[in-house]
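Results of the structural survey
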Amino acid sequence: MTSPQQINKLNNNFQDALNLSGSAGAVSTSPVQSFMNTLPHRQSISKQTKALKPFSTGDIKILLLENVNQTAVEILTEQGYQVEFHKTSLDDETLISKIKDVHAIGIRSKTKLTEKILKHAKNLVTIGCFCIGTNQVDLEYAAKIGVAVFNSPFSNSRSVAELVMAEIVALARQIGDRSIELHTGTWNKVSNKCWEVRGKTLGIIGYGHIGAQLSVLAEAFGMRVLYYDIVTIMALGSARQVSTLDELLSKSDFVTCHVPETPETKNLLSFPQFAAMKDGSYVINASRGTVIDIPALIQAIKVGKIAGAALDVYPHEPPKNGAGLFVDNLNPWISDLVSLPNVILTPHIGGSTEEAQSAIGVEVATALFRYINEGNSVGSVNFPEVSLRSLGYDQEKTVRVLYIHHNVPGVLKTVNNILSDHNIEKQYSDSQGEIAYLMADISNVNQSDIKDIYDQLNATEAKISIRLLY
Ligand SMILES: NC(=O)c1ccc[n+]([C@@H]2O[C@H](COP(=O)([O-])OP(=O)(O)OC[C@H]3O[C@@H](n4cnc5c(N)ncnc54)[C@H](O)[C@@H]3O)[C@@H](O)[C@H]2O)c1
Ligand SMILES: O=C(O)CC[C@@H](O)C(=O)O
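Residues numbered from 1 in each chain as written. Chains lettered and ligands numbered in written order. Predicted model: local features only at pLDDT ≥ 70, side-chain atom pairs only at ≥ 80, totals over all residues.

On to the overall build of the chain. Assigned secondary structure in the chain consists of 17 helices and 16 strands. The buried share of the chain, reckoned over its 470 residues, is 43%. A sequence separation of at least 24 residues applies to 67% of the contacts in the chain between residues at least 6 apart. (Helix = DSSP H or I, 4+ residues; strand = E, 2+ residues; numbered from the N terminus. Buried ≥ 20, exposed ≤ 12 C-beta atoms within 10 Å, placed from the backbone. Contact = placed C-beta atoms within 7 Å.)

To continue, consider the pairing of strand E1 (residues 61-64). As paired strands, E1 and strand E2 (residues 82-85) are joined by 4 bridges and run parallel to one another. By the bridge assignment for E2, Lys61 is matched with Gln82. Chirality of the crossover, the property in question, places the unit of E1, helix H4 (residues 70-78) and E2 among those that are right-handed. Alignment of E1 against strand E3 (residues 104-107), held across 3 bridges, turns out to be parallel. In the sheet register, Leu64 faces E3, and the bridge partner there is Gly106. (Pairing = 2+ DSSP bridges. Right-handed = clockwise from strand over helix to strand, strands pointing away.)

Within the open sheet, the 7 strands sit side by side as E8-E7-E6-E9-E10-E11-E12. Their pairing is parallel. This sheet does not close on itself; its edge strands, each paired only once, are strand E8 (240-241) and strand E12 (343-345). Here 5 bridges tie strand E10 (residues 281-285) to strand E11 (residues 306-311), and the two strands are oriented parallel to one another. Considered in E11, the bridge of Asn285 is made with Leu311. Against the sheet, helix H10 (residues 209-220) contacts strand E6 (201-205), strand E7 (224-228) and strand E9 (254-257), and its axis sits at roughly 165° relative to E7. (Axes fitted to C-alpha atoms, helices over the stretch in contact; angles between N-to-C directions.)

What the domain assignment reports for the chain is domain 1 (61-151 + 357-374), domain 2 (157-345) and domain 3 (385-469). Placing a centre on the C-alpha atoms of domain 1 and another on those of domain 3 gives a separation of 25 Å. Residue-level contacts link 4 residues of domain 1 with 5 residues of domain 3. Of the residues that constitute the side of domain 1 that touches domain 3, the class distribution is 2 nonpolar, 1 polar and 1 charged. (Domains from an automatic or database assignment. Nonpolar A, V, L, I, M, F, W, Y, C, P; charged D, E, K, R; others polar.)

The positions UniProt marks with the feature "domain: ACT" (unreviewed entry) are residues 400-470. For the annotated span residues 400-470, helix accounts for 30% and strand for 46% of the residues, and the straight-line distance between the end C-alpha atoms is 6 Å. (UniProt positions renumbered as here; feature names shortened; annotations may be inferred.)

Taken together, 32 residues surround ligand 1, and among them Gly206, Gly208, Ile210, Pro260 and Gly350 come closest. If you list the elements that add at least two residues to the shell around ligand 1, you get helix H8 (157-172) and H10. For the shell around ligand 1, the class distribution of residues is 13 nonpolar, 14 polar and 5 charged. (Near = placed C-beta within 6 Å.)

With that settled, consider the nonpolar core. Ranked by size, the top nonpolar core spans 69 residues in total, and within it Ile62, Leu76, Val149, Leu368 and Leu468 carry the most contacts. With 9 residues, the single largest contributor to this core is helix H15 (residues 354-374). Split by domain, this core shows at least three residues from each of two domains, domain 1 (61-151 + 357-374) and domain 3 (385-469). Those residues within four positions of Leu76 in sequence are excluded, and the remaining contacts are Ile62, Tyr81, Val83, Ala365, Leu368 and Phe369. Among the nonpolar cores identified, the runner-up in size contains 52 residues, and Leu171, Ala286, Val291 and Ala300 belong to it. (Core = buried A, V, L, I, M, F, W, Y, C linked by C-beta atoms within 7 Å.)

Now for the packing of H8 against H10. Interhelical geometry of H8 versus H10 gives an angle of 45° and a closest axis separation of 8 Å. In terms of orientation, H8 and H10 fall into the oblique class. The two elements H8 and H10 cross, and the hand of that crossing is right-handed. Listed contacts from H10 to Ser157, Arg158, Val160, Ala161, Val164 and Met165 of H8 are His209, Ile210, Gln213, Leu214, Leu217 and Ala218. (Parallel < 35°, antiparallel > 145°, perpendicular 65-115°, else oblique. Left-handed = near helix turned anticlockwise from the far one by under 90°.)

Right, here's the structure in full:
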């Protein structure tokens, strides 16, 4: 446990920081008391860890949209940040007006953070995608303006795999249709074209976190598993990687997609692919709505080529929950789709379990506050991954420099020249494409030097953004 004396000392450090006069824009007011109260709990990297004064002017503002889990709200509130929480996504105009002010934004899959929106985000430091997919964010543009993006790469993988496994059985037994019939009073006890899944072949497109989990579940049900992926991946159990999509399609009774949304995966399954599948096979998509050409799927079901489908994701999805939203105005083929037999439709809930959402809330909120408070970018999806060990209580005159810059020759020389009056205790720099990120801890810095260091770094040509933590 951290002793009361240590907490007191920390409070004094923060108070000293607050008393700085003439400090640079990057040097700021300290976190509020609620943040201090949480130090023993949250600053758990080491008992001796010094909490760094995290940001520029004023308190840190966080905008959380799309009902991200309360674990995230609690963690970020405990940090002392100002947290604004919304259950839904926001229309573009409202989003632009809110994103202007905030230092971090947390979203799920609905909020599109395009260049047009991000251009207004003058104070933004980081984005948290409280999900796996990051296709809703212009990652390249975010990096270009020095904004690190974090996601939760596998906290909901199991939930998706379990849903898909259930759908495989449900499609094979036409459970969706029987249930709808009984809800409306029709008793229809049939076995025609209802199958066991044991001994059938499951074809998984994309053998990443979800595909691999599903592979294990499917084998436990006695299924044979084939998978197709653009990279060579070690098979789990008795699964087997095939070298072409066509081979997978022609040999599988069930085909399920677990690929990201990319230009290459757009309409990955369309007319030719459905034609290549076995007669009476099934299609599942819980990845992204663009991966399957749904009008082509509708045709394939209508002519009896495909015996059923389960879809969790759609090219356009409603921004909020409610009746009357999943209609032809959203996607022109919806009334056609909903009228088909043995088609299970779910509202993008593959990853929506209590377990997954709470784990995602903790994981992404932690990544956000570690980046805001310490500059640690490990796990970022668009940014060089850089981390330095935390500072100790005894390092009172040590300043952490976070310098995001264009990846061009000569920058380190310039920066180290600026820092050369101080001892560079540790330094780590990495680059990704056109962006580079330098973290350095410099000691023996008097408070009066901080503004000067900031101004000099700010004047460097390669600078994208700077933060000084101390
Ligand atoms: N429905 C939901 O609620 C839900 C939940 C989580 C994830 N998802 C979606 O599922 C996708 C997959 O998730 P994951 O965690 O398994 O991702 P992952 O990154 O672990 O795996 C994706 C796999 O797809 C492969 N791949 C990429 N392009 C391909 C192509 N053109 N052809 C074949 N394989 C290709 C990759 O090599 C990788 O192995 C996510 O990108 C996300 O969009 C949906
Ligand atoms: O929760 C969401 O909105 C997205 C879930 C899923 O598609 C993901 O990418 O993790």
